[in-house]
Every structure is written in structure tokens, then in C-alpha cells.
Amino acid sequence: MNKYTGLFAIIIINIIVILIFPVKSHADSSINVEQVKISSQHNHVDHQSLTTSEVILNGAVSETTFNYHMTETSSSTKNKIVLYIENSGLLISPSSLTIAIDGKNEKSIALQGKNTERKIEFSLRGEALKKGDHQVSIKFYGVLKEGVCVNNSTSANWLKVKSDSYIQLDTINSQTTLAQYPSNFIGTTFNPTTIVFPDKPTNAILNSVMQVASFLATQTDDKNSIQLVRESQFHSLKGNVIFIGIKHGFNSKEIREVETAAKLPTNSHALNLATTTLKNDGKEAKVLFVSANKPEDLQKRISILTNNKLINQLSGSNLSIEDLPQMTSTDQNNVISLAQFDMENLTLSSNNEVSDHHFYYLPNNADITKTINLKLRLKKSATIHDGDKNKETSHGNIELNVKVNGIPHSIDMRTLKGTNDGTYTVDIPISIPKEDYNGLLDIQFVANGLKIKDPCYSTDEEKWIMIHKNSTLTFSLNSTNNMSVATLASYPHNLIVGKEPLKIILPTSNNVSDDELFTLYHSLFSSNGQEKIELELAKDMTSEKLQNSNVLFIGGEDEQPLLRKLKNRIISFENGQPDLQKYGFIREVTKRYAFIQKNDFGELNNQYNVFVIARTSQNTPYITSTFIKKLGNINKHATVATETLNNQFFTNSAYLDKNQDNDQVVSNEDGSRLSISSIVAFIGLIALIVMLLLLILKRKKRLKIKD
């Protein structure tokens, strides 16, 4: 009897535990939840964006390629490619779009001008679902007019692959792992990634949240791909979710239960990561838990989730990281490869003559007054003949056009001298006008002549040019910061590059919304992926703490008293309001403004800047995406920018130009006066000499008469 009584007691206890704790962890690392509504539009599948920005294919013949990775071989029927396309309304039959997988044509779709926008679904099967890397090719053939010798290669012949196109991979049998970061957490408008953090985060936790959110947001053009939610507002999900906080730092019972079930590592002085899956009512969401014992430990190691070199090393379902690898500082390196522009080996052909733009911020101490050298390593098809121009066909030369910040540099591919392995090395000297330089390098490759545009000439010859990602860019370095002049035209580069972290100073009232702060952080994240940022409150700062770093203040003098200690402020304040009239702005119609100057909290430090973004009314947000975007698009030297009540944007660029011109005029006038004085003095001297000569001659005549 006692035997059955004990068994009955165990059963009762288990039932009570299940009733009290509705979150249940299973062997497959998934967690059933009842409190969180999951309304994601996919079930057991992983949506991966094919492209972060829309791709335009120009006819008559063009193509683009995308890549995807299968973590394991699948036989599910849910694997598919979903394309959202738009094409020219002038297309006629036999215009078509062809989908190829790993070089094999799989499906062709007829295109017509009558139906310009459409959704195309293509099921993946067989070899396309084997474990490993795969390539998707989208081939466009556009016809505007049929006939002999008809030129269909016009600007009216195009097809657009939209950024919401995606590939759907069935992951029903796949365990969620850290190796799937960040792809699992790149959201869309329909399935945004939610980042959940405590209701009252410390500055270190909030800084970590904003950095992860900004990194993920840069992976797509969809501005609504990330949703920031404080724990008390967390009730539902449309996509996957990331929890960021310290151990036992959440007050929400539901989140603490998920944290316990996720089996986070508990190492002290470490960043602890764990992945799992939430399930509710037959739907699911992938989870990444990011935690540490202290906020400072979290902030110190958060680059694990924002630096691609570190992200690529993540694996397993949970991980505890104590020591960060030593990262090379780009400030001391004057040689960078095209791979650092986030560029792979690039092949241009008749179907793909134009590359994407690739960006990189040079270090602040790069000396652009000296020539920059681009050493390209190239390969080309045998159909592009070497050296002998007599082999040239009547269809023109073949050139590679390298555009650096919009300035073209041409290479004649017919005259290159190669090596035995077919590699060509070309040195291209690059000069960047100082007035157009804001720290950012933009490189694009364009091939001319690979596509024969003569409609009466046809050939099956395939011509291509391959640019190797190990090609290098070499520049000179100054011993100090090259940007001796603070300018808004260099935003955000002149704030994020440097040895010391950028300090963002919040008003003591801390009334900056999460969305405003996210907009600011997002603008600060560059393609280099080495941003270092600290978040502080105004009341905790002194001028001494700000002397040797870039500083970004949110709020004017009334909210940031330390601004009074800047020695040479370009904006003065009266009763907390900025004096903008000096630069031609009407203060009464200004709702927000920004200005930049050199950091002179201590001795003037040309290596660091002070940037202020503020509002004129408490009813106005400090930061909007529109204002930040306009700041990033300033291309002329300016130190002050304003936005009016009717959303007009102005800078003091004209004021600075006028003052500079006046200085030059004064200098020229002084020079003119000096020249006139010299001429008058010279004429006077000649006259004196003539008078002396006349007197001498006259005296000689008198002497002769006396004699």
C-alpha cells in the first residue's frame, strides 16, 4: 500500500508543478508558452531575405545571383523561393524570367507589360535541399519589340527584384543554434524581430540593446524590421525574439520562466548566450537570450553580437564568453582589402556589368592630400585578348571603370600584361577632392564592352572580368586626426572613428524615447562594424571625463549644463534657447537643431568633436529619422543645421562660404592696395631720379658757360 501511496504522491506533485509552471522545456530545446501570443505568419520555417535592397536588372539580357545555406539535408515540401518582382510596362512576348539553382535552369516565367507587379513562388527540391551552400540565379530576358536588328537594350527595358523577396527553409527538424545568428533575427515589416529588455535598464544595458538592434537593422533596408519592447509591454510576437538583460534582471514572471527553461550558462564575468524556441497554439518563434551577471560585463562583450568577425565564430545552442579576441585597430592600418568593404570575389559579365556600391570609412588620420593607391588583382576571359589592339573587333574596346566616390578611373582590359596564372595586377592612383571628402569611400565597378549592343551582331562568346577581394587600397597616415575642421558633412564618421568610445550624453531627465535613441544609434553604425559607444547621464559627467573622446549631447544648454564649459562655443544660449540668428536662422520657427565643433573641454583637441542635437520645445522629439537622414546627406561644409516647424531643412553652409569669401576679398583688397602703393612709390622714385639727372645736366651746362 505504501508503495502505491508514494507513486500516487509523485504523480500529484508532477501535476501541481505542471499547473503552476505552464512553461515546459523539452528535449528539442523548445518551450511551450501560454502567456505570449505568437502570430507569426510562418510555422517551422525560416525566412531568409534574398537581398537587403531592391535589385534592378536591365534588358535585353541580365542576371543576378543570391546565396543560401542548408544546415542539413531536407525533404520537406515547405522549402521555396518567393520573389516579389516589378517589370517595365512595355515588355512583350517572349520576355521571361528564369530561376536557376546551382547553375541549372529550373523554372521560366513569361513576362508581360500588362502585369507589371507579381509574386512568384518556386518550390525547392532534390539537389537544392542538400546540406551546404547553394546559389540562386535570376535571369531576365526582356523584349520591347520583335524583328531583325532591333535594339532592345534601352532604359525602358527593366525588371526589379524587391527587397521583401525571401527564401523559405523548413527547419522543423533543425535545432536552433547560435550559428543561425544573425539570419534568424533579420526581421521584416510583417515579421519583425522583437528585442525585449527590462523596464528600468541601466545605461550599460540600454547601450547594449541599442547596439544589437542597430546592427540587425543594418542587415536590411526594411526600417520596421526591429521592434523594441520593454518587458511590461511584452505580450505578443509576430517574429523571432531576443531577450537582453542581466541574470534575474527581468521582473516579468513569464520572461523569468523562459530564462530558466532556456538553461542559460551561469559563468560570472562573461556574456552568456542561449537559443531556444517558443511555441504556442501550433505556432513558434525562435529565441536568443543574452545575459550577464553585471551590466558592465554585458556592455563590455556585446560586440560578440555586432562584429561580423566574431559572429562568424558562434556555434552551439548555448555559449559563455569571458575573454574577447584582440581586434586589430583600423586607425593604425594604412592598407585595407576589398574584403573589408564587405565584398566577395566579383565577376562582371555581359549579363551583369555593374556591381553594387561598397563602402568603407577610412580612419580619421588618413591623409587624403596624398595619392591613394588601389592595387587591383584581376582575371579575365580568354575572349578578351591581350596587348594586340589589332585583334580588336569592330564592336569597341573593353574597359573596367572603377568609380571611387563617383570619380571614374578607366582600365583598358585589352592592354593588360598578365602573369603565368592568368592574374593581372593594376595600380590605380586615386585623388579625392578634399572638399568632397567626408571620411567615406564608395567603390563601384562598371564593365563597358562586355555586352555587344549591335542588334545585328550575335555571338556565343562569353566575356567576363573577375575582381579579387584581396585587392588592396593603400593610403598615407598622419600622426594626428586629419579632420582638423569639424563639419556636419562628415556625420557620422567623425564621431565613431577613434581609439576612445563615443560618449552619448542623455539629459538627466532621461526623457529620450527608445525609438529616438534607436534612430540615433542606427545612423551611427557603419559598414566597418567597429563602433565603440558608451551611454551616460548628464549628471554623472564632468568636463574632465569628456576631454579625450568624441561626445554627442542630446539636449541644449538647459538640459546639458556641461555645454557652458566649452571654451569656444559656436552656438551661445540665452535663457536656455540657442542663438541661431547669427547664422541666418529664425529661432521662433525652428523645432530642432544640431551643431558640431572641436572638443575644447580641456586643451583644444583636434582629434575629437562635440556634437549636439537638441529641440526648442519640450513637445518636440529630439530625434526623428527624417532629421537624422538629412544630417547624413549633407555634402557641403556646415557646422549648424536646423529643421523648421514646416519640416524644411537648412544649414549654415552659405554663411560659412560667404565669410570665407569676405576674408579672401579683404586679403585681395589689401594685396591690391599694396600693389598700388608700390607702383606709386616706384613712379616717385623714377621722377626723383629724372629730377636729379636734370639738375646735374643743368649744372654741367652752367659750368661750361662760365668756362
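Placed above this text is the structure.
To start, this report covers the structure provided alongside it. (Residues numbered from 1 in each chain as written. Predicted model: local features only at pLDDT ≥ 70, side-chain atom pairs only at ≥ 80, totals over all residues. Heavy atoms only, no water.)

Within the protein chain one finds 9 helices and 41 strands. Within the protein chain, buried positions represent 48% of all 707 residues. A total of about 35600 Å² of accessible surface is found on the protein chain, and carbon and sulfur atoms cover 50% of it. (Helix = DSSP H or I, 4+ residues; strand = E, 2+ residues; numbered from the N terminus. Buried < 20%, exposed > 50% of the residue type's maximum accessible area, 1.4 Å probe, protein only. Areas by Shrake-Rupley, 256 points an atom, 1.4 Å probe, with all protein chains shown as cover.)

With respect to the helices and strands, the residue threonine 51 is situated in the loop between strand S4 (45-49) and strand S5 (55-58). Residue classification places threonine 51 among the buried positions, given a relative accessible area of 11%. Beyond its immediate stretch of four places on either side in the chain, threonine 51 contacts Phe66, Lys162 and Ser163. (Contact = heavy atoms within 4.5 Å.)

This part covers the sheet that holds strand S9 (residues 104-110). Read from one edge of the open sheet, 4 strands run S6-S11-S8-S9, paired in antiparallel fashion. Looking at strand neighbours, the two that pair on one side only are strand S6 (61-70) and S9, the edges of this open sheet. Across the sheet, the axes of successive neighbouring strands diverge by a mean angle of 20 degrees, strand direction being ignored. Bridge count for strand S8 (residues 96-101) against S9 is 6 bridges, and the pairing is antiparallel. Across the sheet, residue serine 96 finds its bridge partner in S9, namely alanine 110. (Pairing = 2+ DSSP bridges. Axes fitted to C-alpha atoms, helices over the stretch in contact; angles between N-to-C directions.)

A surface patch of nonpolar side chains, amounting to about 1000 Å² of accessible area, comprises Leu685, Ile686, Leu688, Ile689, Val690, Leu692, Leu693, Leu694, Leu695, Ile696 and Leu697. Along the chain, valine 690 falls in helix H9 (residues 653-706). (Patch = residues over 30% accessible without salt bridge, like charges linked within 9 Å, V, L, I, M, F, W, Y side chains within 5 Å. Salt bridge = Lys/Arg side-chain N within 4 Å of Asp/Glu carboxyl O.)

This brings us to the packing of aromatic side chains. Using the criterion set out here, one finds 11 aromatic pairs in the structure. Here phenylalanine 341 and tyrosine 360 contribute two aromatic rings whose centre-to-centre distance is 5.4 Å and whose plane-to-plane angle is 40 degrees, an arrangement assigned as tilted. Highlighted residues: phenylalanine 341 in the loop between strand S21 (335-337) and strand S22 (346-349) and tyrosine 360 in strand S23 (residues 358-361), separated in sequence by 19 residues. Comparing phenylalanine 341 with tyrosine 360, the two get one shared label, buried. (Phe/Tyr/Trp six-rings, centres within 6.5 Å; stacked < 30°, edge-to-face > 60°.)

With that settled, the discussion passes to the nonpolar core. If you look at the biggest cluster of nonpolar residues, it comprises 65 residues, and the most contacted ones within it are Tyr181, Ile554 and Leu631. Broken down by element, this core gets its largest block of residues, 9 residues, from helix H2 (residues 203-217). In this structure, leucine 631 is in contact with Leu488, Tyr491, Ala594, Phe611, Ile613, Ala641 and Phe649, ignoring residues within four places of it in sequence. In this structure, Ile336, Leu376, Ile411 and Ile432 belong to the second largest nonpolar core, which totals 37 residues. (Core = buried A, V, L, I, M, F, W, Y, C linked by side-chain atoms within 4.5 Å.)

Before going further, it helps to spend a moment on the environment of phenylalanine 445. Positionally, phenylalanine 445 belongs in strand S29 (residues 440-448). Exposure remark for phenylalanine 445: the relative accessible area of 0% places this residue in the buried category. For the pair phenylalanine 445 and histidine 357, spaced 88 residues apart in sequence, the C-alpha separation works out to 8.1 Å. Apart from the residues within four sequence positions on either side, phenylalanine 445 is in contact with Leu338, Met343, Leu346, Leu348, Glu353, Val354, Ser355, Leu376, Leu400, Asn401, Val402 and Ile467.

On to the environment of methionine 210. Within the secondary structure, methionine 210 is located in helix H2. Through-space distance from the C-alpha of methionine 210 to that of leucine 228 is 9.0 Å; in sequence the pair is 18 residues apart. If we skip the residues at most four places from it in the chain, methionine 210 touches Leu228, Asp514, Leu517, Phe518 and Tyr521.

Across the 11 residues that make up helix H7 (residues 514-524), a large majority, 8, are buried. Of all the positions in H7, only Asp514, Glu516, Leu517, Phe518, Leu520, Tyr521, Ser523 and Leu524 are classed as buried.

Attention now goes to the pairing of strand S12 (residues 158-161). Pairing of S5 with S12, which is carried by 4 bridges, proceeds in the antiparallel orientation. The partner of leucine 57 across the bridge, within S12, is leucine 159. In terms of strand pairing, strand S7 (residues 80-87) meets S12 through 3 bridges, oriented antiparallel. Bridge assignment links glutamate 86 to a residue of S12, and that residue is lysine 160.

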